[in-house]
Amino acid sequence: NDFLIEGTAWDANGLKRWDDDGDPLTDQVPYVEVSTDNGTTWEKVAVDEADDTWSYSVIGLWDGNHEGTKNYRIRATDIFSKVGEAVPVYSFTVDTLGPTVIIGTPSLDSWLTVSSYPASGTANDATSSVESIYFSTDDGGSWDLATGTTQWTAALDLQNLAEGSVTLQVKAFDIAGNEGPIASRSFGNDQDLPFLEEDSVGTGTIYRNTSFSLGGTLTDSNSIKRLVVVQKSSAGTVTIHDDATLS
């Protein structure tokens, strides 16, 4: 936001004066000068003779095109043309853009089967510094604080998330209070085991002296990848069915 640089200026013999309104019938006023380009150009600012105060308006630097440190030089000249300059130079930083975030892990469209997972990534702020990182797994309904700043980690509680596709959202704030754009990463969450039930033969000890078929149901909260049926006997274990094309 726009603000004022304020100060005082005086000289025992008097400051140099300036016709601030261009009217020869009005009194000239004492002044200081402000340079925003390291002394290449100077802008006169009137000094109030009642209390020797002056103020300079800093405006129009907040559109994202003036990021970075600004150094303003301020000087006063007395009636004998002696120049005194304020020390140190008045410095401030314009920071209107938020930090950027990159999600490193989990990788895009990967599937996670563990109960918790440390998502991680980086963040950067071109002007100041990153103050905090927040993450969400409910489409921005709630946000939790991650650990770290430029290098961050976020503990994902996968066992309490819905099965299937999950979107991780991450955003950063800098020390100026700017909120950066949200980074997103989709991944799969698979916590439940497949459910298998055989209902053609039944349970218990079953005797057969001819070939027969097994049948039942096989389900999963996400999808089934593979069904393997093995036969165990005193002679060993034999795979009698292996369908690796299920989806």
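Residues numbered from 1 in each chain as written. Predicted model: local features only at pLDDT ≥ 70, side-chain atom pairs only at ≥ 80, totals over all residues. Heavy atoms only, no water.

A. Spatial organisation of the side chain of Asp 78. Locating Asp 78 in the fold gives a position in the loop between β6 (68-77) and β7 (83-85). Lacking a salt bridge, the buried Asp 78 has Lys 82 as its closest oppositely charged neighbour, with an N-O distance of 5.5 Å. For Asp 78, the side chain forms a polar contact with the main-chain nitrogen of Phe 80, separated by 2.9 Å. Polar contacts involving the side chain of Asp 78 include one to the main-chain amide nitrogen of Lys 82, which spans 2.8 Å. Among residues more than four places away in sequence, those in contact with Asp 78 are Asp 11, Gly 14, Leu 15 and Lys 16. (Helix = DSSP H or I, 4+ residues; strand = E, 2+ residues; numbered from the N terminus. Buried < 20%, exposed > 50% of the residue type's maximum accessible area, 1.4 Å probe, protein only. Lys, Arg positive; Asp, Glu negative; His and termini not counted. Salt bridge = Lys/Arg side-chain N within 4 Å of Asp/Glu carboxyl O. Polar contact = N/O pair within 3.5 Å; in protein donor to acceptor, adjacent residues only side chain to side chain. Contact = heavy atoms within 4.5 Å.)

B. Representation of the packing of aromatic side chains within the structure. Applying the stated criterion across every chain, the model contains seven aromatic pairs. Considering the side-chain rings of Tyr 72 and Phe 92, the 5.1 Å spacing of their centres and the 80° angle between planes classify their relative orientation as edge-to-face. Separated by 20 residues along the polypeptide, Tyr 72 in strand β6 and Phe 92 in strand β8 (residues 90-94) bring together distant segments of the chain. Residue classification places Tyr 72 among the buried positions, given a relative accessible area of 7%. Pairwise contacts between aromatic rings join Phe 3, Tyr 56, Trp 62, Tyr 72, Tyr 90 and Phe 92 into one cluster. The ring of Trp 42 carries Arg 75 above its face, with NZ or CZ at 3.8 Å from the centroid. The ring of Trp 143 has Lys 171 sitting right over it, with the charged end atom 4.2 Å from the ring centre. (Phe/Tyr/Trp six-rings, centres within 6.5 Å; stacked < 30°, edge-to-face > 60°. Lys NZ or Arg CZ within 6 Å of the ring centre and 35° of its normal.)

C. The arrangement of the sheet that holds strand β14 (residues 147-148) in detail. If you walk across this open sheet you meet the four strands as β9-β11-β15-β14, and the pairing is antiparallel. The sheet is open, and its two edges are formed by β9 (100-105) and β14, each paired on a single side. With five bridges connecting them, β9 and strand β11 (residues 116-124) associate as antiparallel partners. Of the residues in β11, the one forming a bridge with Thr 100 is Asn 124. (Pairing = 2+ DSSP bridges.)

D. Main features of the pattern of salt bridges. Following the criterion strictly, the structure yields four salt bridges and no others. For the salt bridge of Glu 33 with Arg 75, the shortest nitrogen-to-oxygen distance reads 2.8 Å. Of this pair, Glu 33 sits in strand β3 (residues 29-35) while Arg 75 sits in strand β6; the two residues are 42 residues apart in sequence, bridging distant segments of the chain.

E. Focus on unusual backbone geometry. The linkage connecting Val 87 with the following residue, Pro 88, adopts the cis geometry, with an omega of 0°. Inspection of the secondary structure assignment puts Pro 88 in the loop between β7 and β8. The peptide bond linking Thr 105 to Pro 106 adopts the cis configuration, its omega dihedral lying at 5°. Residue position: Pro 106 is located in the loop between β9 and β10 (111-112). Despite not being glycine, Asp 52 has its phi angle at roughly 65°, a positive value. Assignment of secondary structure puts Asp 52 in the loop between β4 (43-46) and β5 (53-58). You can call Asp 52 partly exposed: its relative accessible area is 30%. A positive phi is found at Ser 81, a non-glycine position, where the angle reads about 70°.

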